[in-house]
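Here is how the chains run, residue by residue.
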Amino acid sequence: AYYDTTNTNLKYIYWTGSGWTILPVDYSDATTGLYPSLKLDSTDKPHIAYYNQSFQRLIYASWNGASFTLSAAEYTNKAGLFPSLALDSADRPHIAYFSDSNDSLRYSWNDGLAWHIETVDQSSSTGFYPSLALDSEDLPHIAYYNMTQTSLRYAHGTGSGWLFGII
């Protein structure tokens, strides 16, 4: 998955065994597809989280076998920068990202019916460049950067809250 700077949109490229195929993912407006994070599910279908700069939102795209289906994973303006996508054991998306609207680390996941959104850490300009992984129980682990304190941080979801650490 990549941001096409010439056309200012998101594309997905894959190897067919004999050549490269490029598919448009999101070409709906002037500037979309920034900071793509790509994962393949258990059937090797692509899932992509990315930032739509024109609408200032986090977008999630998944391949349905014929085309990409798009949904807004976060509706707050200026939320969705630097997304990090992970898929759980049921191939459902989980995304960690920076929200520029309140300088915080946010976490969004889909349970198969709806998106759920949490502010994980909002301590003074934090949440930059998150890296998300899910453990064997599908619980999130996020490493991220706090700009004000110039520190690497860690958050672990417990299912009922978050545990934090400074690395």
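As the structure is a prediction and not an experimental result, all values here were calculated from the model.

> If you had to explain the packing of aromatic side chains to someone new, which residues and values would you point to?
Inspection of every chain in the model, using the stated rule, returns 13 aromatic pairs. Ring plane angle 70° and centroid distance 5.9 Å describe the contact between Tyr 12 and Phe 68, whose orientation is recorded as edge-to-face. Of this pair, Tyr 12 sits in strand S2 (residues 9–15) while Phe 68 sits in strand S7 (residues 68–74), and the two are 56 residues apart along the sequence. Like Tyr 12, the residue Phe 68 is buried in the burial classification. Taking 5.1 Å as the distance between ring centres and 65° as the angle between the ring planes, the aromatic pair formed by Trp 15 and Trp 20 counts as edge-to-face. Residue class for Trp 15 comes out partly exposed when judged on its relative accessible area of 47%.

> So what's going on with the sheet that holds strand S1 (residues 2–4)? Residues and values would help.
Taken together, the 3 strands give an open sheet; going across it, the order is S1-S2-S3, and neighbouring strands pair in antiparallel fashion. Only two strands of the sheet have a single neighbouring strand rather than two, namely S1 and strand S3 (20–26). Each neighbouring strand pair of the sheet contributes to a mean axis angle of 40°, computed without reference to strand direction. When S2 meets S3, the two strands line up antiparallel, connected through 6 bridges. Of the residues in S3, the one forming a bridge with Lys 11 is Pro 24.

> So what's going on with the sheet that holds strand S13 (residues 140–146)? Residues and values would help.
Here we have 4 strands laid out as an open sheet, ordered S12-S13-S14-S15, and antiparallel in their pairing. Each edge of the open sheet carries a strand with a single partner, namely strand S12 (126–134) and strand S15 (162–166). For this sheet the average axis-to-axis angle between neighbouring strands, irrespective of direction, equals 20°. In this structure, S13 lies alongside strand S14 (residues 151–157), joined through 6 bridges in antiparallel fashion. Bridged to Ile 142 within S14 is Ala 155.

> Go over unusual backbone geometry with me, naming the residues and quoting the values.
Unlike most non-glycine residues, Tyr 129 shows phi in positive territory, near 50°. The residue Thr 150 is not glycine, and still its phi comes out positive at about 40°. Take Thr 150: it is sitting in the loop between S13 and S14.

> So what's going on with the side chain of Asp 121? Which residues, and what values?
With respect to the helices, strands and loops of the structure, Asp 121 is situated in strand S11 (residues 115–121). For Asp 121, a relative accessible area of 8% gives the class buried. At a separation of 2.7 Å, a polar atom in the side chain of Asp 121 contacts the side chain of Ser 123. Not counting residues up to four positions away in its chain, the partners in contact with Asp 121 are Ser 104, Leu 105, Thr 126, Tyr 144, Arg 153 and Phe 164.

Rules behind the numbers
- Residues numbered from 1 in each chain as written.
- Predicted model: local features only at pLDDT ≥ 70, side-chain atom pairs only at ≥ 80, totals over all residues.
- Heavy atoms only, no water.
- Phe/Tyr/Trp six-rings, centres within 6.5 Å; stacked < 30°, edge-to-face > 60°.
- Helix = DSSP H or I, 4+ residues; strand = E, 2+ residues; numbered from the N terminus.
- Buried < 20%, exposed > 50% of the residue type's maximum accessible area, 1.4 Å probe, protein only.
- Pairing = 2+ DSSP bridges.
- Axes fitted to C-alpha atoms, helices over the stretch in contact; angles between N-to-C directions.
- Polar contact = N/O pair within 3.5 Å; in protein donor to acceptor, adjacent residues only side chain to side chain.
- Contact = heavy atoms within 4.5 Å.

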